Amino acid sequence: MSSATKKFTPSGSGRVSVVRGRVALIVILVLMCLLCVRFAYLQLIDPNDYRTAALDQYTSSVTIPAKRGSIYANDGTTELAVSATVYNCFISPADIKKMAEDSEDTSNPVTREQLLNNVASGLSQILSVDQSDIVLKGNRTNSKYQVIKKFLTETEENAIRAYISENKYQTIIHLEETTKRYYRYGSFASQLLGFTGSDNQGLSGIELAYDEYLAGVDGKSVKAADGYGNELDSGVGSTYIAATNGLNVVTTIDWTIQNILEKYIEQAYNEHQPNHKITGIVMDVNNGEILASAIYPSFDPNNYNQLSEIYQQKYDAFIGTEDQRSEYRSQLLFDMWNNSIASWTYEPGSTFKIVTSAIALEEGTIDYETSRFNCVGGTIVAGTEIKCHKTSGHNMQTFSEAIVNSCNPAFIQMGSSIGTSLFKKYFEEFGYTKTTGSDIVGETSSIYYDTYNTQFEALELAVYSFGQTFKVTPLQHIRAVSTIANGGYLVVPHSVKALVDDEGNVVKTFEYETDRQVVSAETCNKILTSLTNSTKNASVSGYNVVSKTGTSQKQDTAPTNDYVSSCVTFAPAEDPQIAILVLVDDPTSGQFFGSAVAAPIVGNILGEVLPHLGIAPNTAEANSFTVADYAGKTAASAKELLEASGIKCIVRGEGDTVVNQLPEKDTVITKDGVVILYTEGAEITANAKVPDVMGKSPTAAIKALVNSNLNVSVKGIFNGDYTNCKVVSQSVAAGEYVLPGTVIELEFLYEEAIQ
Amino acid sequence: MASKKNEQTVASAQGEKKKRSVRVNPNRIYRLIGEVDRPMLIVIIALVCIGSVMIFSASYAVADTRFGDSYYFARSQVRWVIIGLAAMALIARFLDYRVLKRFSYIIYAITLGLNYLVPFFGKTNKGATRWFVIFGVEFQPSELLKFALVLACATYISNHASEMKTLRKGALPLFLLTLPAAMATLMQSHLSATIIILILMVVMMWLSGLKGFYFGAVLGAGSVVGAFFLTVGRGILAKIVPHAITRLDIWRDPFAYMSFESGGDGWQPAQSLYAISSGGFWGLGLGQSNQKHGYLPEPQNDYIFAILSEELGFFGVVCVIAIFGVLAYRGYCISKNSPNRFCSLLSMGITAQVVVQVLLNLAVVTNTFPSTGISLPFFSYGGTSLIILLAEMGIVLSVSRYSFIEQG
């Protein structure tokens, strides 16, 4: 090689040394090889860190929120709580900075502060968020995610979209999809349904109890974007994991019954102004399904952090330091959210006498027919005098009389016949010592002899016998007394019966124990028979219902006279389907007897609930008359027709033909009502003066109204029994002038001072 | 050796062209279109083609985003390629190196003058003033300076061939010749040009026949000066070349300087490493780079090779480096077979200039060397530098043409 090369070097030409050129070439080639090694290292030997980092910068992972399951009423179609897609608005302070920097080279440079201020003022106007808050968040220049407002309204969302495109703020203002919980009917069953937090997690009620089913599983979308934020063509690293929607919960809540319950509880609240709440439960006695559960004052779970009106009034009336006020506010909030049917305890009072009776009858310590109970207005147990509510005494009573009279000495006698150990055994078997095992969150323990390790001797037994000095939850109590209504079985109250998927397929049903018999059907029937229609205020014309009222004095607030007025009712008496428990915690209207405060609420509820449940009344309503159209008829013939039906008829005007009438056709009036017919020329004037019938007996009240040419519709009269009741409200105030024939609604209350 | 057999074959094949068959070199110069070195021509055309394809591939995303026209860079580059190739062909065909040699010092002087004017009349971009804008075309005189220096050195060395062995008469004049060029580029804050110019000076000294001992001394002195600036004299270096120290810090850990807060100067080298590593062996496929979509800034410029690495992988990288290797080899062959010392030095010098830029660019792209702003010959976007480059390749080709003629 070297000899051949030399041959070509022309002597003396002064050319560059071949060796030097070759060395230079070799150096170059060696350096190239070294670079190849460097590339090999980067591309083949150790590429993974950089590759991963590169992939990380292309891809961004977005959580696809799972749609939270809906909550349905027991028909499976009425939506009580649903999730809908809404948007959160966030800004990217890092991109604000970047945009400001990028603008330096343009004709229209802005500083970061100017840009941020522009954005902040724009957003604060649209979203009504404090501008300084936005500036504060916008100064976190490392961040790309600062939420300005969650759950935008549609107007806000559209305004933001317009604002973004108008100002080309695509990189710095963003909307992110999220879901918000909507409670279709506002405060409807609010404490039972509960609510969800800002991250759609269940915080209370059914939302919390069934959160694992409702929540679903969030999905994930990993998208690769280029440096400008557009989707990368290569789609490198992109994945998509679909979200699994949450299951829908079908509650046991009957939409109609719940509404009825809420309506009358609110009405009663306004009437009796209790210091605390009114709680009502309607339960299916056979399987423990809670058909309705209402607590007033309620709240709107759509804005669960806002005190509802009544609580707001309490808060406004509170005087204290800022800290105390905020402390008080959170107390009020927790009280407002509290589902007191399960997480509040009270002394059941006389309604517990059902249980005492059941024990005594079941164990045969008394005889239903032959046992007699003497009451002289009080009795002395272990040296302590216990009075009966009727201080003059009930004298000799049968069992039925004793329970209808709600005579304390009689039940003390019954209790002592049972004895402490047997009583304790049954107290446990009726489920008072444990939580019910229901699906209601926050069920609290009852407070009884075991709680403080107090002794349980003759005196305690005597007081327990009429339901005082121990505290149970309304749920425990309605469950225990419902055994009487279903033939002796202890059911588990619950609020949810099934889970369904979005196609409506039932995924899971919840089964609860229903075969735990505590007392025999025979015992139950005896008690049902004794109590049937014993409380007229809780009764409904045409139906037989079983009620027991209670007025328990709160021991823990003694010596002030704070009462819980309650009424428990089973209907219909022949084959009870539902149990209703209504508790008015500390009424301030002056009335406090359960029979006067709680029972009318139950009566009102039953009046609507029983027809809704399809339970036919025993006696048809024969006392009503539907007004026909008499226009065109001769006055004489119309009058004849009406009077034949027993309706009082008044003809006004000189003409022969009827041209007008009051009341209008199709109005339902009573058989002792009045119809006014107008012939040609007669003038219709509101000349009927409404008389004052408040406090009058039904007969007197109806007579007074008919005499004033007015019609009447009655409420609260049980099976036409006019004895011992009086008008407590009239729909048009006395002294007002109305059209003749107007239907005046009267509400009656039986005066039953039974405790 | 197969030389004898070759002689006969060629002799019989080209019998009528007697002159050409007289002497055949084992490293013989092949010809295309008559006279020029065929492998060199093929290599140049191959590089220009691959370069143009890569310009399009690397730039279409950024062109679309910035100008709404995916072909913005590719179209203009192809235009320059055509002009450049035409220039190259003309020079290769018609240039007489003796004319070039006669005016070499004048060319060098004019180029130097232009370079000294740049700081006063040039266009400033990103804090450096390196460009003239003539009729809307950006022109970087330092590109021309490298060539002019090689030309001047080649002229000096060939005129003083017998004296070049000594330090005083060989190395010192070359150093003095180079010094104004190095100063000019420093004034432009164009450190990469300074580095290339100094490397070219060393290459020319080596090729001039400077005694090995003295050459070693020059290298040693250079190393000492370099070491001084990088250690004790950091402050001085920082004064001469702003940001030089920062560049060194970024080179050590580019990822620490990616964020806005740290100035973001580490972003480009870091993204370059991401791109290269993402390529693997076979690459993501031509056009499939992710990095060019707004991650690696200006992918059509200095860092175009990172996109090539990502798209064509290690395989593509080795192929392209191999083509540059062939270019170096053919440059060496042309130099060796040059008719005289000037041609030899000129072709080797120009080849070295191109290859040094390639080596430095690849070193920068792989973060083996601090980021300095060296474009990749035949690949990086830029009209004037491509035309100058192809013109220089035309000179090398024209030299290859002469080597044959005079051999005959």
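Residues numbered from 1 in each chain as written. Chains lettered and ligands numbered in written order. Predicted model: local features only at pLDDT ≥ 70, side-chain atom pairs only at ≥ 80, totals over all residues.

1. Overview of helix α7 (residues 167-187) of chain B
Residue and element names in this part refer to chain B.
In step 1: Given a rise of 1.5 Å per residue, 21 residues ought to cover 30 Å, and the 28 Å separating the end C-alpha atoms of α7 matches this to within 8%.
In step 2: Those residues of α7 that sit buried are Gly170, Ala171, Leu174, Thr178, Ala181, Ala184 and Thr185.
In step 3: Contacts made by the buried residues of α7 are with α5 (104-121), α6 (141-159), α8 (191-208) and α9 (212-230).
In step 4: Ser189 lies just past α7 and shows a positive phi near 55°. (Helix = DSSP H or I, 4+ residues; strand = E, 2+ residues; numbered from the N terminus. Expected span 1.5 Å × (residues − 1). Buried ≥ 20, exposed ≤ 12 C-beta atoms within 10 Å, placed from the backbone. Contact = placed C-beta atoms within 7 Å.)

2. Points about unusual backbone geometry
Residue and element names in this part refer to chain A.
In step 1: Between Ala571 and Pro572 the backbone carries a cis peptide bond, its omega angle lying at -15°.
In step 2: With an omega dihedral of -5°, the bond running from Leu662 to Pro663 counts as a cis peptide bond.
In step 3: Checked against the element boundaries, Pro663 lands in the loop between β24 (658-662) and β25 (668-670).
In step 4: Notably, Gln273 is not glycine yet its phi reads approximately 40°, a positive angle.
In step 5: Its location among the elements puts Gln273 in the loop between α11 (255-272) and β9 (278-284).
In step 6: On the basis of neighbour counts, which here come to 13 C-beta atoms within 10 Å, the residue Gln273 falls in the partly exposed class.
In step 7: One non-glycine residue, Ala382, adopts positive backbone phi at about 50°.

3. Observations regarding the sheet that holds β24 of chain A
Residue and element names in this part refer to chain A.
In step 1: Taken together, the 3 strands give an open sheet; going across it, the order is β23-β26-β24, and neighbouring strands pair in mixed fashion. Because the sheet does not close on itself, it has two edges, and the strands there are β23 (648-652) and β24. Each adjacent strand pair in this sheet contributes to an overall mean axis angle of 25°, direction not counted.
In step 2: The pairing of β23 with strand β26 (residues 674-679) spans 5 bridges and is parallel. The residue of β26 that forms the bridge with Arg652 is Tyr678. (Pairing = 2+ DSSP bridges. Axes fitted to C-alpha atoms, helices over the stretch in contact; angles between N-to-C directions.)

4. Digging into the interface of chain B and chain A
As a measure of interface size, the accessible area lost when the parts come together is often cited.
In step 1: Each partner contributes residues to the interface: chain B has 52 residues there, and chain A has 39 residues.
In step 2: The set of elements that each furnish at least two residues to the side of chain B that touches chain A consists of α8, α12 (267-279), α13 (304-336) and α14 (341-365) of chain B.
In step 3: No other element matches the 13 residues that α13 of chain B contributes to the side of chain B that touches chain A.

5. Looking at the nonpolar core
In step 1: Ranked by size, the top nonpolar core spans 143 residues in total, and within it Leu80, Val249, Val282, Ala579 and Val602 of chain A carry the most contacts.
In step 2: When residues in this core are grouped by element, the largest group, 10 residues, is from helix α22 (residues 594-612) of chain A.
In step 3: For Val602 of chain A, the contacting residues outside a window of four places in its chain are Ala538, Ser547, Cys567, Thr569, Ile580 and Val582 of chain A.
In step 4: Listed in part, the 129 residues of the second largest apolar core include Val150, Met205, Ala306 and Val365 of chain B. (Core = buried A, V, L, I, M, F, W, Y, C linked by C-beta atoms within 7 Å.)

6. A short note on the environment of Glu747 of chain A
All names here are of chain A.
In step 1: Here Glu747 lies in strand β31 (residues 743-750).
In step 2: For the pair formed by Glu747 and Lys715, sequence separation is 32 residues and the distance between their alpha carbons is 4.7 Å.
In step 3: Beyond its immediate chain neighbours, meaning those up to four positions away, Glu747 contacts Lys715, Gly716, Val727, Val728 and Ser729.

7. Topic: the sheet that holds strand β7 (residues 239-241) of chain A
All names here are of chain A.
In step 1: Reading across from one edge, β1-β6-β7 is the order of the 3 strands in this open sheet, with antiparallel pairing throughout. Two strands lie at the open edges of the sheet, namely β1 (59-64) and β7, each paired on one side alone. The average undirected angle you get between the axes of adjacent strands in this sheet is 20°.
In step 2: Where β1 and strand β6 (residues 219-224) come together, 6 bridges link them in antiparallel fashion. Paired with Ile64 across the strands is Gly219, a residue of β6.

8. Some thoughts on the packing of helix α4 (residues 93-102) of chain A against helix α5 (residues 112-127) of chain A
Residue and element names in this part refer to chain A.
In step 1: Direction vectors running N to C along α4 and α5 enclose 125°, while the axes themselves pass 9 Å from each other. In this view, α4 runs oblique relative to α5, as classed from their interaxial angle. For the pair α4 and α5, the sense of crossing is right-handed. For the pair α4 and α5, contact is made by Ile96, Lys97, Met99 and Ala100 and by Arg112, Leu115, Leu116 and Val119, respectively.
In step 2: Looking at side-chain class alone, the contact of α4 with α5 contains 6 nonpolar, no polar and 2 charged residues. (Parallel < 35°, antiparallel > 145°, perpendicular 65-115°, else oblique. Left-handed = near helix turned anticlockwise from the far one by under 90°. Nonpolar A, V, L, I, M, F, W, Y, C, P; charged D, E, K, R; others polar.)

9. Re helix α24 (residues 698-707) of chain A
Residues and elements named next belong to chain A.
In step 1: Among the residues of α24, Pro698, Ala701, Ile702 and Leu705 are the ones counted as buried. Along the axis of α24, the buried residues cluster in a sector spanning 95°; they form a single face. Exposed and oriented more than 90 degrees from the buried face of α24 are Thr699 and Asn707.
In step 2: Positioned one or two residues after α24, Asn709 has a phi angle of 60°, which is positive. (Arc of directions from axis to C-beta.)

10. Quick look at the packing of helix α15 (residues 353-363) of chain A against helix α20 (residues 474-485) of chain A
Between two packed helices, both the angle of their axes relative to each other and the distance between the axes serve to describe the pair.
Residues and elements named next belong to chain A.
In step 1: Packing of α15 against α20 leaves a shortest axis separation of 9 Å and a crossing angle of 50°. Taken together, α15 and α20 sit at an angle that is classed as oblique. In the crossing of α15 with α20, the sense of the turn from one axis to the other is left-handed. In this structure, α15 uses Ile354, Val355 and Ala358 to contact α20, whose residues at the interface are Ala480, Val481 and Ile484.
In step 2: For the contact of α15 with α20, the class distribution of residues is 6 nonpolar, no polar and no charged.

11. Let's talk about the confidence of the model for chain A
In step 1: With 96% of its residues at a pLDDT of 70 or more, chain A has an overall mean of 85.
In step 2: Across chain A, the element-wise mean pLDDT spans from 37 in helix α1 (residues 2-8) of chain A up to 93 in helix α2 (residues 18-45) of chain A. (pLDDT = per-residue confidence, 0-100.)

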